[in-house]
Amino acid sequence: MIYADKGLFIRVVSNFLENASEATGEDGHITINACIDDHEAIIIDISNDGQLIPDDVAAHIFIPFFTTKKEGSGIGLPISRQIMRISNGALILLSDKERGIATFRMIFY
């Protein structure tokens with residue numbers, strides 16, 4: 001069971017799905033996986049096979065108002081991370097460079 005505000009959780013997931021959709025375009029794939037680890041933390045991964053986020057950009061994606069999009073505000077990821085924190089969770093970016101897959105991982109402790 002996840003103890004989090006449903007509306008805020010939906011906002012975080014919607015943000016990731018929108019970003020993944022933009023990254024993949026029409027021919028890409030988005031996957032969602034969920035599991036419970038050995039410590040009973042709930043892990044939800046939203047992955048896509050679009051263009052990977054370069055390391056120099058990834059270092060800044062959670063900084064408010066940082067964006068690489070022409071029409072972006074740069075607040076979606078920082079707000080998502082803050083929502084996860086107030087929900088007793090965490091948000092991290094994982095990049096599988098060999099497979100070309102970017103994953104945003106939500107962890108609820």
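Residues numbered from 1 in each chain as written. Predicted model: local features only at pLDDT ≥ 70, side-chain atom pairs only at ≥ 80, totals over all residues. Heavy atoms only, no water.

Visitor: Outline the overall build of the chain, supporting the account with residue identities and numerical values.
Guide: Of the regular secondary structure elements, the chain holds 3 helices and 4 strands. Each helix (α) and strand (β) of the chain, taken in turn from the N terminus, gives the series α-β-β-α-α-β-β. Its C-alpha atoms give the chain a radius of gyration of 14 Å, within 12% of the compact-globule value 13 Å for 109 residues. With 109 residues in all, the chain has 33% of them scored as buried. For the chain, the proportion of contacts with a sequence separation of at least 24, taken over those separated by at least 6, is 52%. As presented, the chain carries roughly 7200 Å² of accessible surface, and 53% of it is formed by carbon and sulfur atoms. Separation between the mean location of the 9 positive side-chain charges and that of the 15 negative ones in the chain comes to 6 Å. (Helix = DSSP H or I, 4+ residues; strand = E, 2+ residues; numbered from the N terminus. Rg over C-alpha atoms; globule rule 2.2 N^0.38 Å. Buried < 20%, exposed > 50% of the residue type's maximum accessible area, 1.4 Å probe, protein only. Contact = heavy atoms within 4.5 Å. Areas by Shrake-Rupley, 256 points an atom, 1.4 Å probe, with all protein chains shown as cover. Lys, Arg positive; Asp, Glu negative; His and termini not counted. Charge placed at Lys NZ, Arg CZ, Asp CG, Glu CD.)

Visitor: Tell me about the pattern of salt bridges, residues and numbers included.
Guide: By the definition in use, this model includes 4 salt bridges. The salt bridge partner of R105 is D45, with a shortest N-O separation of 2.7 Å. One end of the pair, R105, is in strand β4 (residues 101-108); the other, D45, is in strand β2 (residues 42-48), with 60 residues separating them in the sequence. Taking relative accessible area as the criterion, R105 reaches 25% and is therefore assigned partly exposed. Put simply, D96 and R99 hold a salt bridge, and the shortest N to O gap is 3.4 Å. Looking at D96, the relative accessible area reads 27%, which means it is partly exposed. (Salt bridge = Lys/Arg side-chain N within 4 Å of Asp/Glu carboxyl O.)

Visitor: Explain helix α3 (residues 76-86) to me, and be specific about the residues and the numbers.
Guide: An α-helix turns once per 3.6 residues; consequently, residues spaced three or four apart project the same way. Restricting attention to buried positions, one finds in α3 the residues L77, P78, S80, I83 and M84. Residues of α3 that are buried sit in contact with α1 (6-24), β3 (89-96) and β4. One or two residues past the end of α3 sits N88, with phi positive at roughly 60°.

Visitor: Could you give me a rundown of α1, with the residues and numbers involved?
Guide: End to end, α1 covers 27 Å across 19 residues, agreeing with the expected 27 Å (1.5 Å per residue, within 8%). Lining the buried residues of α1 we find β1 (30-36), β2, α3, β3 and β4. The N-terminus of α1 is capped by D5, whose side-chain oxygen sits 3.0 Å from the backbone nitrogen of G7. G25 sits one or two positions beyond α1 and adopts a positive phi of about 70°. (Expected span 1.5 Å × (residues − 1). Polar contact = N/O pair within 3.5 Å; in protein donor to acceptor, adjacent residues only side chain to side chain.)

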